[in-house]
Amino acid sequence: MPNPYPRSRHPQVPLPSPNPPPLSPDFPYPGLRRTGDANSPRGRGLVATATFPAGSAIAAFPRPLLCLPDGEHVRTACDWCLRPGTGSSNTDGGGGGPDLGEVRPRPKLNACTRCRCVVYCSKRCQSAAWKAVHKLECPALSRVRDGGEGKWFIPTAVRCAMQLLLRLKGADRDVRDAVGDVPFVGTTSGSKGVLEGNVHGFRDHEDGTVWKDLGAQARAALQFSGIELEGNKLAAAAEGVRGLLCKLQTNAFDRRDEDVGAAGVLLDVDLAMANHSCLPNAYVVFAGRTATLRAERDIGVGEEVEISYIDNNLSKAKRQKALRLYHFECQCRRCQEDLDVYQVCQSSSTIPLNILSLQPDLDLYKDPPIERNDYVYDAPRPPMDSPNYALYHMTVRLKDKKMYAIEPFPSLYHQLVVRYETEGMNLAYALAIACFLATQCHPYGHVAPFKPWRVKGLMIIAQLLSHTAPLSATGELGKKCGTTNTSRVLVEELAKMDQVSMCEAILRLVVHYGPMAHSDDWEVLASARELLDDIAQLQGRERESAAIAAWVRDPEQPDARAFVEEMVLKPINALAARSMGRVFYESLCGPHSVVPDAHPQSSMRRLVYQP
Ligand SMILES: [Zn+2]
Ligand SMILES: [Zn+2]
Ligand SMILES: [Zn+2]
């Protein structure tokens with residue numbers, strides 16, 4: 001029988017098309033061309049002019065029109081490159097998480113000495129920011145700060161609008177070409193700007209609250225910018241700024257690089273053309289001021305490059321609600337056929353890549369181990385007045401059908417890992433749940449093994465193992481775990497496992513997939529390399545290290561595969577299995593139960609990747 005899953009060789013270099021179109025100076029991206037216009041059914045879009053294999057970078061966008069930290073991060077992250085600095089009390093990115101980027105020392109941030117409102121990680125960032133926008137913004141921020149007697153806060157959207165207004169006033173061509181003129185602000189050129197704003201959509205949105213809020217933000221932006229107008233002129237300018245805010249809402253990216261503690265807004269005029277699909281073939285990652293578009297699966301010449309503006313693993317109803325602010329009805333196959341996570345997984349072209357992963361049984365992806373029936377669960381139920389009663393019932397239904405990859409299960413389990421780890425409540429529970437996520441949730445929800453969320457999930461397991469392994473060796477792990485029976489069993493089982501080999505194999509996966517997930521200098525990758533260096537110092541592990549290295553080189557090499565199967569995959573699955581049952585019940589209903597965050601909903605921006 002022919003092998004239905006031919007092995008991919010992970011080609012990473014895009015193949016040029018035989019007749020690449022000439023590059024235009026205003027769209028300098030080899031491999032991409034623009035399509036459509038404002039009147040096309042789907043507006044503008046991006047089309048591949050070369051072949052991009054899964055995991056390759058399609059294009060980098062290093063010169064955004066706007067890039068600034070979220071309002072609450074202005075004192076803790078560089079105002080130019082968004083790098084968090086020392087004294088930074090971390091971020092709220094996706095509810096916080098294990099700090100995967102902690103290996104890189106955080107720079108000391110220095111405030112602008114004139115306005116003392118914004119901070120920079122280096123002189124270079126400061127002078128670049130000054131030239132680009134801060135020389136216009138600095139006096140305005142100073143006035144806002146003085147007006148508030150030193151206390152000030154400007155909502156992110158308002159500050160974005162301020163920057164654009166001040167640049168328009170200074171006759172900045174890039175801004176004018178992008179967003180168009182605003183009446184009575186700067187010189188008028190008749191430009192409407194290339195960005196789409198869906199103004200009518202915002203005006204007619206639901207009960208009008210969004211439209212009213214945008215109006216208030218527009219007036220605040222004019223006032224804070226020191227643009228003094230009265231009467232009809234003020235009204236006309238405010239309407240113009242409201243239109244500009246609509247364009248911002250429609251086109252800007254919310255970037256939550258939670259592993260490095262950076263959060264902010266990025267607007268790139270060219271990248272903004274990428275259309276949405278709930279079955280995207282590409283995704284966007286951020287590093288500094290650069291956004292990079294990456295292929296999630298193989299993309300052929302002439303294929304439209306599509307990203308997801310929202311968390312595309314949500315249910316159809318939730319996706320449509322989240323997309324309402326973009327004012328279009330998604331017509332992708334996932335929406336039309338209302339496919340769930342498992343159905344999407346079954347037809348994914350990236351299944352074969354999983355031969356090198358913690359879930360290498362490719363048949364499981366084609367035929368997921370779920371039950372589409374209505375079996376009734378008869379485990380102990382939480383009291384009716386428990387805060388998590390509704391959640392328990394929602395998730396227990398998924399649990400009965402073993403549909404662990406369907407939200408809110410993965411989000412909830414991720415929160416549990418963070419909680420058990422960061423609050424020091426139970427390292428063994430955190431590890432078991434992290435193993436469950438990496439074997440039963442993420443592979444189905446993010447089929448390409450290089451998806452950032454999957455790689456981060458691996459890194460969390462590796463970091464937990466780097467803590468539990470030495471504690472197991474000295475017999476002290478029990479003190480870091482709860483007193484339940486499940487905890488005791490987990491601690492005993494862990495003591496029998498080769499946790500260092502498990503950790504090393506997982507780190508090798510992170511190092512293998514990290515450059516495809518993000519970039520060669522991704523913080524997660526730096527942490528993984530650091531931990532691998534520590535492991536390399538351990539004596540007498542030559543045989544194990546050699547087998548793991550051989551497995552990453554060729555996951556089908558029989559000896560290497562047998563070693564990893566026995567020493568890594570079986571133990572990971574054993575830990576994962578323990579996280580069901582008691583841990584599940586306790587987490588939702590026990591004395592330390594979590595009250596989950598509401599799913600973070602973006603009010604204005606594309607959620608690029610989120611928990
Ligand atoms: Zn910086
Ligand atoms: Zn300043
Ligand atoms: Zn869709």
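Shown above is the structure to which this text applies.
What you see is a predicted model, and the numbers here were worked out from it, not measured in a lab.

Turning to the nonpolar core, a few remarks are in order. One finds L358, Y413, I461 and L507 to be the most contacted residues of the largest nonpolar core, which totals 96 residues. Considering every element that reaches this core, the biggest residue donor is helix α13 (residues 427-445), with 14 residues. Ignoring any residue separated from it by four or fewer positions in sequence, one finds L507 in contact with M459, A462, A528, L531, L532 and I535. Judged by nonpolar contacts, the second largest core, of 59 residues, contains C117, V119, F202 and I227.

This part covers a negative patch on the surface. Residues D361, D363, D367 and E565 make up a contiguous surface patch of negative charge. Structurally, D361 can be placed in the loop between α9 (341-346) and α10 (363-366). On the basis of relative accessibility, which here comes to 36%, the residue D361 falls in the partly exposed class.

The zinc ion (ligand 1) binds to the protein through C78 (SG), C81 (SG), C121 (SG) and C125 (SG); the donor distances cover 2.3 Å. Given four donor atoms and angles of 106 to 114° at the metal, the environment of the zinc ion (ligand 1) is assigned as tetrahedral. All donors of the zinc ion (ligand 1) come from a single chain, and their spacing in sequence reads C-x2-C-x39-C-x3-C. Grouping residues by exposure puts C121 and C125 together as buried.

Bringing the pairing of strand β10 (residues 282-287) into the picture now. With five of its six residues buried, β10 lies for the most part within the structure. Counting the residues in the hairpin turn of β10 and strand β11 (residues 290-295) gives two residues, including G288, whose phi is positive at 60°.

Spatial ordering of the open sheet is given by β3-β11-β10, a layout of three strands whose pairing is antiparallel. The two strands at the open ends of the sheet, each matched to only one other strand, are β3 (57-61) and β10. With direction set aside, neighbouring strand axes in the sheet form an average angle of 20°. As defined by bridge partners, β3 adjoins β11 across four bridges and the pair is classed as antiparallel. If you follow F61 over to β11, its bridge partner there is A291.

Where α13 contacts helix α14 (residues 452-473), the axes come no closer than 9 Å and their chain directions differ by 155°. Here α13 is positioned roughly antiparallel relative to α14, judged by the angle of their axes. Of the two elements, α13 crosses α14, and the hand of that crossing is left-handed. Between α13, through L427, A430, L431, A434, C435, A438, H442 and P443, and α14, the contact on the second element is made entirely by W453, R454, G457, I460, I461, L464, L465, H467, T468 and L471. Residues belonging to the contact of α13 with α14 are distributed by class as follows: 13 nonpolar, four polar and one charged.

It is worth spelling out the packing of helix α1 (residues 123-147) against helix α2 (residues 156-169) at this point. One way to put it is that α1 packs onto α2 with a least axis distance of 9 Å and a crossing angle of 110°. With respect to each other, α1 and α2 are oriented roughly perpendicular. Viewed along their axes, α1 and α2 form a crossing whose handedness is right-handed. Between α1, through A132, V133, L136, E137, A140 and L141, and α2, the contact on the second element is made entirely by R159, M162, Q163, L166 and R167.

Binding of the zinc ion (ligand 3) to the protein goes through C278 (SG), C330 (SG), C332 (SG) and C335 (SG), at separations of 2.3 to 2.4 Å. Considering all four donor atoms around the zinc ion (ligand 3), angles at the metal cover 101 to 116° and the coordination shape is tetrahedral. In the primary structure, the donors to the zinc ion (ligand 3) are separated according to the pattern C-x51-C-x1-C-x2-C. Taken together, the residues C278 in the loop between β9 (275-276) and β10 and C330 in the loop between α7 (316-323) and α8 (333-336) connect sequence positions 52 residues apart. Each member of the pair, C278 together with C330, is buried.

This brings us to the environment of R106. Looking at the element boundaries, R106 is found in the loop between β4 (66-69) and β5 (110-111). Sequence spacing of R106 and P84 is 22 residues, and the spatial spacing of their C-alpha atoms is 6.7 Å.

So, about α2. Between its first and last C-alpha, α2 extends 20 Å over 14 residues, near the 20 Å set by a 1.5 Å rise per residue. Among the 14 residues in α2, 13 count as buried, and that is most of the element. At the C-terminal side of α2, A171 shows a positive phi close to 60°.

Okay, the packing of aromatic side chains next. The full count for this structure, using the stated rule, is twelve aromatic pairs. A ring pair is formed by F253 and F286, whose centres lie 5.9 Å apart and whose planes are at 70°; its orientation type is edge-to-face. In this pair, F253 sits in strand β7 (residues 253-257) while F286 sits in strand β10, placing the two residues 33 residues apart along the sequence. Accessibility expressed as a relative area gives 3% for F286, which makes it buried. Grouped by ring-pair contacts, the aromatic residues Y404, F409, Y413 and F436 constitute a single cluster. Just above the ring of W80 sits the side chain of R289; from NZ or CZ to the centre is 3.3 Å.

Of note, the amide linkage connecting E407 to P408 takes the cis form, showing an omega dihedral of 10°. Tracing the sequence through the fold places P408 in the loop between α11 (389-400) and α12 (409-422). Residues other than glycine seldom take positive phi values, yet H327 does so here, at roughly 60°. Along the chain, H327 turns up in the loop between α7 and α8. Positive phi, close to 45°, is recorded for D338, a residue that is not glycine. Mapped onto the secondary structure, D338 falls in the loop between α8 and α9. For D338, a relative accessible area of 44% gives the class partly exposed.

Right, let's talk about the side chain of D172 for a bit. By the element assignment, D172 lies in the loop between α2 and α3 (173-179). D172 gets classed as buried once you look at its relative accessible area, which sits at 19%. Within the local environment of D172, its side chain forms a polar contact with the side chain of R167, the two groups lying 2.9 Å apart. In this structure the side chain of D172 is engaged in a polar contact, spanning 2.9 Å, whose partner is the backbone nitrogen of D174.

Scoring rules and cut-offs
- Residues numbered from 1 in each chain as written.
- Chains lettered and ligands numbered in written order.
- Predicted model: local features only at pLDDT ≥ 70, side-chain atom pairs only at ≥ 80, totals over all residues.
- Heavy atoms only, no water.
- Core = buried A, V, L, I, M, F, W, Y, C linked by side-chain atoms within 4.5 Å.
- Buried < 20%, exposed > 50% of the residue type's maximum accessible area, 1.4 Å probe, protein only.
- Helix = DSSP H or I, 4+ residues; strand = E, 2+ residues; numbered from the N terminus.
- Contact = heavy atoms within 4.5 Å.
- Patch = residues over 30% accessible without salt bridge, like charges linked within 9 Å, V, L, I, M, F, W, Y side chains within 5 Å.
- Areas by Shrake-Rupley, 256 points an atom, 1.4 Å probe, with all protein chains shown as cover.
- Salt bridge = Lys/Arg side-chain N within 4 Å of Asp/Glu carboxyl O.
- Lys, Arg positive; Asp, Glu negative; His and termini not counted.
- Charge placed at Lys NZ, Arg CZ, Asp CG, Glu CD.
- Donors = N, O, S within 2.8 Å, 3.2 Å for Na, K, Ca; no water.
- Tetrahedral: all angles 85-135°; square planar, octahedral: opposite > 155°, others 65-115°.
- Pairing = 2+ DSSP bridges.
- Axes fitted to C-alpha atoms, helices over the stretch in contact; angles between N-to-C directions.
- Parallel < 35°, antiparallel > 145°, perpendicular 65-115°, else oblique.
- Left-handed = near helix turned anticlockwise from the far one by under 90°.
- Nonpolar A, V, L, I, M, F, W, Y, C, P; charged D, E, K, R; others polar.
- Expected span 1.5 Å × (residues − 1).
- Phe/Tyr/Trp six-rings, centres within 6.5 Å; stacked < 30°, edge-to-face > 60°.
- Lys NZ or Arg CZ within 6 Å of the ring centre and 35° of its normal.
- Polar contact = N/O pair within 3.5 Å; in protein donor to acceptor, adjacent residues only side chain to side chain.

What is shown is where atoms sit, not what they do.
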